[in-house]
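Below are the chains, spelled out letter by letter.
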Amino acid sequence: MQPLQTLKKGAFFPVHTVLYSTQYCTTVQNQKVQPQTKKSEMARQFITRERPLRRILLQALLWSAIISAVLLYFLLTQSSVGGQLQQWFASITATTSTSSSSSSSNNNEHSNSNGFSSPNSQNSSSSSSSSSSSSSSSSSRQQLRPDNRLSAEQMAPQVLRPITVATGSGRLRGFVQQVAGHQEVATFLSVPYGQPPVGPLRFRPTVPVESWEPETRDASRLPPPCIQSEYTQRLFPVHILNENVTEACLYLNIWAPLGKAENENNRSKTEEENEEDADRLRNGQQDKKKKAVMVLIHGGLFTIGSTGIDEYDGRMLAAAGDVVVVTVQYRLGIFGFLDLDTEQVPGNMGLLDQVTAFQWVADNAAAFGGDPGLITLFGTSAGSISIGFHMFSPRAGPLFRRAILQSGSPMLMKQVYSRGEALAERFASMVGCFDKGGKNGSAVNSIYDDPEPVVSCLDQVPFETIYRVQGELVANNPVPFMPTIPSEYIDQFINDYNESTVLHQKEVLMGRKA
């Protein structure tokens, strides 16, 4: 509220203040110094009449500028013209970043389980291609960087060699990259923690991933983002840096520090030496101590977001902080937060995804040199709100020790978290699975009265129909689906807890973005 008041005082009020002050000082000066002649009196009256006209014209110019900016914003974000301009800009960007073609093709190999590609995804680029293009284009700006900041060349990943580790789910083949010139970080991308929530698992609670033994799973590419609203992306906006959005998106990424490079000139190792890397990762460096683990939950209003965004790249934090960094993807929008208040569709599936990921991290942290007893959750916006809920959950409580909440709190208005029933009824009606008036005159007061037929009907609705209806819902409300309270995972509102409530004690750091 304070920045808004400052903006108003700084943008609008000085116009009036300066004019009135000038008129007041002129009047006083005329009264004290100048004689009240007929000529001076006529001049004073002319000036007095002119100043209100100036104020009116200046106000008109200010308001016309504001209205023009608002109209331009809606034109670019919500109209077909805006989409054409975005495509035009994306095509220019794509032609200028020729070095990104190879990394983009690698990310495109992720297949979409639905055979569906978002129309907006054609304007997106992969995270690795964005990183390479930024490093090549920033050379001209390098001399402007302060000496205490890393250059783009230093920040760009330098892949040295592959590395393979064994987890409780199976073997993973990632890669070792050199960060900031001398630090080595073991990187494992697209690590599955849950079974793909497609077909009969859509809208259902998370099912932990099955073992992929005896195969060794490739973990060298960023995962595809979860299905999300294109309209909300354009509105805020968020650019998802991966093309193939999909329902099969329950992945996490891991960055584990290996310490300083033993031989900077060594760019390849034998299989026996790669095993030494794995032992070095598991057992730590000279101190032999397990490292703290930091698990990031991305923000995005529970509607958009992806771990493929550049700002969620954990290699720098892992290298500089000497911690194991994990980023988690979870279901968004209607796929993650449809609530039918049944055992089959209990709601808050996105939060259940997160806690399933926490369990996987706790079970396998030691394979990456991490301490399962020293896990910290951190996130912003929706990620921070999610962490607040996990702090009160008996299921997630034992899985982490510390929490960092940034710009988000579960202590929002009750109306935000209690609208799951109305949204579920509207969605089910739009896909033809619910009639609140009932068939043959039978009264149905709530979708919760008899949800089983709705669940059976939703299982038969094509994915494309669900995606289209979600787009229609967000057109009226960009953030329609949020965590629901009460539910199976969150049984009551946070401010309803009392002294008798049993909670897992956590070390908490809270704040907001500057």
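Going by the structure above, here's the rest.
Just so it is clear, the structure is predicted and the values come from calculations on it, not from any experiment.

Turning next to the overall build of the chain. What the chain contains, in helices and strands, is 17 helices and 10 strands. Expressed as a percentage of the 514 residues in the chain, the buried residues total 46%. Long-range pairs, those at least 24 residues apart, make up 76% of the contacts in the chain between residues at least 6 apart in sequence. Entry remark: accessible area of the chain is about 26100 Å², with carbon and sulfur atoms responsible for 56%.

Moving on, we come to the state of the cysteines. Under the counting rule described, the total for this entry stands at two disulfides. Covalently, Cys226 is tied to Cys249 through a disulfide, its sulfur atoms 1.9 Å apart. Taking the torsion about the sulfur-sulfur bond, which here is approximately 95°, the covalent link between Cys226 and Cys249 counts as right-handed. Separated by 23 residues along the polypeptide, Cys226 in the loop between strand S4 (216–218) and helix H8 (230–235) and Cys249 in the loop between H8 and strand S5 (251–260) bring together distant segments of the chain. Bridging Cys433 to Cys457, the disulfide has an S-S length of 2.0 Å. Between Cys433 and Cys457 the disulfide shows an S-S torsion of about -70°. By sign, it is left-handed. Of this pair, Cys433 sits in the loop between helix H15 (420–430) and helix H16 (452–458) while Cys457 sits in helix H16; the two residues are 24 residues apart in sequence, bridging distant segments of the chain.

Moving on: the packing of aromatic side chains. Under the definition given, this model contains eight aromatic pairs. With 5.3 Å between their ring centres and 75° between their planes, Phe389 and Tyr417 make a pair best called edge-to-face. Here Phe389, found in helix H13 (residues 382–391), pairs with Tyr417, found in helix H14 (residues 414–417); they are 28 residues apart in sequence, far enough to count as distant. The pair Phe389 / Tyr417 is uniform in exposure class, with both members buried. Three or more aromatic residues joined by ring pairs form one cluster here, namely Phe203, Phe335, Phe427, Phe463 and Tyr467. Over the ring of Trp212 we find Arg217; its NZ or CZ atom is 5.8 Å from the centre of that ring.

Omega for the peptide link from Glu213 to Pro214 comes to 5°, which places this bond in the cis form. Of note, the bond from Ile485 into Pro486 is cis; its omega dihedral lies within 30 degrees of zero at -5°. Mapping Pro486 onto the fold places it in the loop between helix H17 (463–476) and strand S10 (507–511). A positive phi is found at Ser407, a non-glycine position, where the angle reads about 55°. As for its placement among the helices and strands, Ser407 is situated in the loop between strand S9 (402–406) and H14.

Bringing the pattern of salt bridges into the picture now. Applying the stated criterion to the full structure yields 10 salt bridges. Put simply, Glu184 and Arg161 hold a salt bridge, and the shortest N to O gap is 2.8 Å. Here Arg161 lies in strand S1 (residues 158–166) and Glu184 lies in strand S3 (residues 183–192), a separation of 23 residues in the sequence. For the pair Glu184 and Arg161, one class covers both residues: buried. Asp459 serves as the salt-bridge partner of Arg204, at 2.9 Å between the closest nitrogen and oxygen. One end of the pair, Arg204, is in the loop between S3 and S4; the other, Asp459, is in the loop between H16 and H17, and 255 residues separate them in sequence. A relative accessible area of 11% places Arg204 in the buried class. Here the salt bridges share partners, and the residues they tie into one network are Arg401, Arg402 and Glu507.

Calculation notes
Residues numbered from 1 in each chain as written. Predicted model: local features only at pLDDT ≥ 70, side-chain atom pairs only at ≥ 80, totals over all residues. Heavy atoms only, no water. Helix = DSSP H or I, 4+ residues; strand = E, 2+ residues; numbered from the N terminus. Buried < 20%, exposed > 50% of the residue type's maximum accessible area, 1.4 Å probe, protein only. Contact = heavy atoms within 4.5 Å. Areas by Shrake-Rupley, 256 points an atom, 1.4 Å probe, with all protein chains shown as cover. Disulfide = S-S within 2.5 Å. Phe/Tyr/Trp six-rings, centres within 6.5 Å; stacked < 30°, edge-to-face > 60°. Lys NZ or Arg CZ within 6 Å of the ring centre and 35° of its normal. Salt bridge = Lys/Arg side-chain N within 4 Å of Asp/Glu carboxyl O.

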